Amino acid sequence: MAWQGLAAEFLQVPAVTRTYTAACVLTTAAVQLELLSPFQLYFNPHLVFRKFQVWRLVTNFLFFGPLGFSFFFNMLFVFRYCRMLEEGSFRGRTADFVFMFLFGGILMTLLGLLGSLFFLGQALTVMLVYVWSRRNPRVRVNFFGLLTFQAPFLPWALMGFSLLLGNSILVDLLGIAVGHIYYFLEDVFPNQPGGKRLLLTPSFLKLLLDAREEDPNYLPLPEEQPGPLQQ
């Protein structure tokens, strides 16, 4: 059946992309069905740190507004570029990918305090696009059939599109800034003379999320080796 085929296809999507996309869609659906209110989701430092409504640190990244053009536009970019990162430069490195989300989310939250930003999902989307674009500088991107340009211009095209729609570009600039900080610390600075990696994924995340690597020096026991068991 078509529904089963769609579900099977969705399960083929990498875990982080699948989880984040599903969380965004379910959050928006809950708001649309009036099971939740945006007032329960937005980032408010007073409610987080004084009233201990800590879920707001996460939910402000999951809501992209009511169902409409803006929501589907953002979901398209979230799904596409999150998946390409996870299947590309983060392939087999789920813990590192989750750590990038955590690093970006924490930094955006801190910087968002300065700009009184209440929902940061769009900034996270722009960060994903920025990191992908810098790691794939020679890829040519077709922007809705209107423009074709090199990948590094894509985040700026998104910001210009936001401006045309009458939205504030502060969120886009935040995503670009945090994306650049991550890209510099992860890809640029370690390759400079005297540079080193500063963003080290915690061991517990690697233990929890990454597949175990086989020890090349491991010698299997006789009963684990193929062929007849030697007594």
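Because the structure is a prediction, the values reported are computed rather than measured. (Residues numbered from 1 in each chain as written. Predicted model: local features only at pLDDT ≥ 70, side-chain atom pairs only at ≥ 80, totals over all residues. Heavy atoms only, no water.)

1. Side note on the packing of aromatic side chains
Here comes step 1: Across all of its chains, the model carries 17 aromatic pairs by this definition.
Here comes step 2: Seen from their ring centres, F77 and Y81 are 5.6 Å apart, and the 15° between their planes marks the pair as stacked. Taken together, the residues F77 and Y81, both in helix 5 (residues 69–87) and 4 residues apart, mark about one turn of the helix.
Here comes step 3: Of the aromatic side chains, those joined through ring pairs into one cluster are F69, F73, F77, Y81, W132, F143, F149 and F161. (Phe/Tyr/Trp six-rings, centres within 6.5 Å; stacked < 30°, edge-to-face > 60°. Helix = DSSP H or I, 4+ residues; strand = E, 2+ residues; numbered from the N terminus.)

2. Thoughts on the UniProt feature "transmembrane region" (unreviewed entry) in the protein chain
Here comes step 1: Mapped onto this numbering, the UniProt entry annotates "transmembrane region" (unreviewed entry) at residues 20–42, 54–79, 99–132, 139–158 and 164–185.
Here comes step 2: Spanning residues 54–79, this segment combines 58% helix with 0% strand, and its end C-alpha atoms are found 26 Å apart.
Here comes step 3: Across residues 164–185, helical content stands at 77% and strand content at 0%; the span's end C-alpha atoms are separated by 32 Å. (UniProt positions renumbered as here; feature names shortened; annotations may be inferred.)

3. Quick notes on the environment of F153
Here comes step 1: Tracing the backbone through its elements, the reader meets F153 in the loop between strand 2 (147–150) and helix 8 (154–164).
Here comes step 2: Judged by relative accessible area, F153 falls into the exposed class, the value being 52%.
Here comes step 3: In this structure the C-alpha to C-alpha distance between F153 and R134, which are 19 residues apart in sequence, comes to 9.3 Å. (Buried < 20%, exposed > 50% of the residue type's maximum accessible area, 1.4 Å probe, protein only.)

4. Digging into a nonpolar patch on the surface
Here comes step 1: Together, F49, V54, L57 and V58 give the surface a local cluster of nonpolar side chains, amounting to about 360 Å² of exposed area.
Here comes step 2: In this fold, F49 is placed in helix 3 (residues 45–49). (Patch = residues over 30% accessible without salt bridge, like charges linked within 9 Å, V, L, I, M, F, W, Y side chains within 5 Å. Areas by Shrake-Rupley, 256 points an atom, 1.4 Å probe, with all protein chains shown as cover. Salt bridge = Lys/Arg side-chain N within 4 Å of Asp/Glu carboxyl O.)

5. Some words on helix 6 (residues 94–115)
Three- or four-residue spacings in an α-helix give side chains the same orientation, since the helix completes a turn every 3.6 residues.
Here comes step 1: Taking 1.5 Å per residue, 22 residues should reach 32 Å; helix 6 reaches 31 Å between its end C-alpha atoms and fits that length.
Here comes step 2: Buried residues of helix 6: A95, D96, F97, F99, M100, F101, F103, G104, G105, M108, T109 and G112, and no others.
Here comes step 3: The inward-facing, buried residues of helix 6 contact helix 2 (15–32), helix 4 (56–59), helix 5, helix 7 (121–135), helix 9 (170–188) and helix 10 (203–209).
Here comes step 4: Following helix 6 by one or two positions, S116 has its phi on the positive side, about 50°. (Expected span 1.5 Å × (residues − 1). Contact = heavy atoms within 4.5 Å.)

6. Quick notes on the pairing of strand 1 (residues 140–143)
Here comes step 1: The two faces of strand 1 differ: V141 and F143 on one face are buried, but R140 and N142 on the other face are not.
Here comes step 2: Counting the residues between successive antiparallel strands, the hairpin from strand 1 to strand 2 contains 3 residues, one of them, F144, with a positive phi of roughly 55°. (Pairing = 2+ DSSP bridges.)

7. A closer look at the nonpolar core
Here comes step 1: Y20, F97, M100, M108 and L154 are the most contacted members of the largest nonpolar core, which has 46 residues in total.
Here comes step 2: Looking at this core, the elements with two or more residues in it are helix 2, helix 5, helix 6, helix 7, strand 1, helix 8 and helix 9.
Here comes step 3: Per-element tally for this core: the top contributor is helix 5, with 8 residues.
Here comes step 4: For F97, the residues in contact, after removing those within four places along its chain, are V16, C82, L85, E86, F90 and L128. (Core = buried A, V, L, I, M, F, W, Y, C linked by side-chain atoms within 4.5 Å.)

8. Things to note about unusual backbone geometry
Here comes step 1: With a phi close to 65°, E34 is a non-glycine residue in the positive phi region.
Here comes step 2: Here E34 shows up in the loop between helix 2 and helix 3.
Here comes step 3: Its identity is not glycine, yet F52 carries a phi of approximately 60°, on the positive side.
Here comes step 4: Here F52 lies in the loop between helix 3 and helix 4.

9. Quick notes on helix 7
Here comes step 1: The first and last C-alpha atoms of helix 7 sit 22 Å apart over 15 residues, in line with the 21 Å expected at 1.5 Å per residue.
Here comes step 2: Helix 7 sits mainly inside the fold: 12 of its 15 residues count as buried.
Here comes step 3: Within helix 7, burial applies to G121, A123, L124, T125, V126, M127, L128, V129, Y130, V131, W132 and S133.
Here comes step 4: Those residues of helix 7 that are buried are in contact with helix 2, helix 5, helix 6, strand 1, helix 8 and helix 9.

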